[in-house]
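A look at the structure
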Amino acid sequence: MRRGLKLVPLVALSTAVVEVVVFVLLGRWIGFGWTVLLLLAASMLGLALLRREGMRAWRGFRAAVDAGRPPGEEATNGLVGLAGALLLALPGLTTGVVGLLLLVPPLRRLVRGRIQALTERRVSAAVAGDLFGPRRVRVRRGQPQQTPQPAVYEPPVGGSPGEAIEGEIVEPRRP
């Protein structure tokens, strides 16, 4: 079992405890009736946004596929929007706030970028290229790093010197 899946029950339990504490504190501050009304309004807003974000995600995905572009950016953007709307629809004030934050465009782009980077590290370079398009690499000017030469000279594979060959950039796995 993956390490993250072992934490799911603990995260769910702690989220429930935090939700109850926030509900009680807010109920004491603004009153029980207003707190329940706020909770219901947030859930209704979340349900409406869930449908809208789902349709937006599907349209963006279809448009990318129809245009022949990699659909990864639209898919991750749609998933972040759906997660935000789902968190807002869940009955809870802290999950609602987190859901609203995921729907704010600058934070949504930030989370989408983190999800994309995480996905690119976990899948092969070919799959990442199919999902998100060509990868961008940083090239720094300066002296090239010296790599140890093999004991026996091996001619380059695939063509004459100076001829471009097709390939992909494979990054080493990070611990």
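Now for a description of the structure that goes with this document. Here the residue numbers are simple positions, counted from 1 along each chain's written sequence. Under the rules for a predicted model, residues below a pLDDT of 70 receive no local features and side-chain atom pairs below 80 are neither given nor counted, while totals for whole chains, interfaces and linings still include all residues. For the side-chain quantities, the full set of heavy atoms in the structure was used; hydrogens and water were omitted.

Any two of the Phe, Tyr and Trp rings considered here, Trp counted by its six-membered ring, make a pair once their centres fall within 6.5 Å; the pair's planes then place it as stacked at under 30 degrees, edge-to-face at over 60, or tilted in between. Summed over all chains, the structure comprises 2 aromatic pairs. Between Phe23 and Phe32 the ring centres are 6.0 Å apart and the planes differ by 90 degrees, which places this aromatic pair in the edge-to-face class. To sort residues, take the accessible area from a 1.4 Å probe on protein chains only and compare it with the maximum for the residue type: under 20% means buried, over 50% means exposed, and anything in between is partly exposed. The class for Phe32 is exposed, based on a relative accessible area of 60%.

Here we take up helix 2 (residues 8–30). Only DSSP runs of H or I reaching four residues or more are called helices, and only runs of E reaching two or more are called strands; each is numbered from the N terminus. A helix is expected to reach a length of 1.5 Å times the quantity of its residues less one. With 23 residues, helix 2 extends 32 Å from end C-alpha to end C-alpha; this agrees with the ideal 33 Å at 1.5 Å per step. The complete set of buried residues in helix 2 reads Glu19, Leu26 and Gly27. The secondary structure elements touched by the buried residues of helix 2 are helix 3 (32–67) and helix 5 (93–103). Where helix 2 terminates, the next one or two residues include Gly31, which has phi positive at roughly 105 degrees. Should any heavy atoms of two residues lie within 4.5 Å, those residues are considered in contact.

Moving on, we get to the nonpolar core. For our purposes a nonpolar core is just a set of buried Ala, Val, Leu, Ile, Met, Phe, Trp, Tyr and Cys residues, chained together by side-chain atoms within 4.5 Å. Membership of the largest hydrophobic core is limited to 5 residues, which are Ala42, Leu49, Ala85, Leu88 and Leu103. Elements with a contribution of two residues or more to this core: helix 3 and helix 4 (72–89). Excluding its chain neighbours within four sequence positions, the residues that come into contact with Leu103 are Leu49, Glu53, Gly81, Gly84, Ala85, Leu88 and Arg108.

Nothing here speaks to function; it is all geometry.
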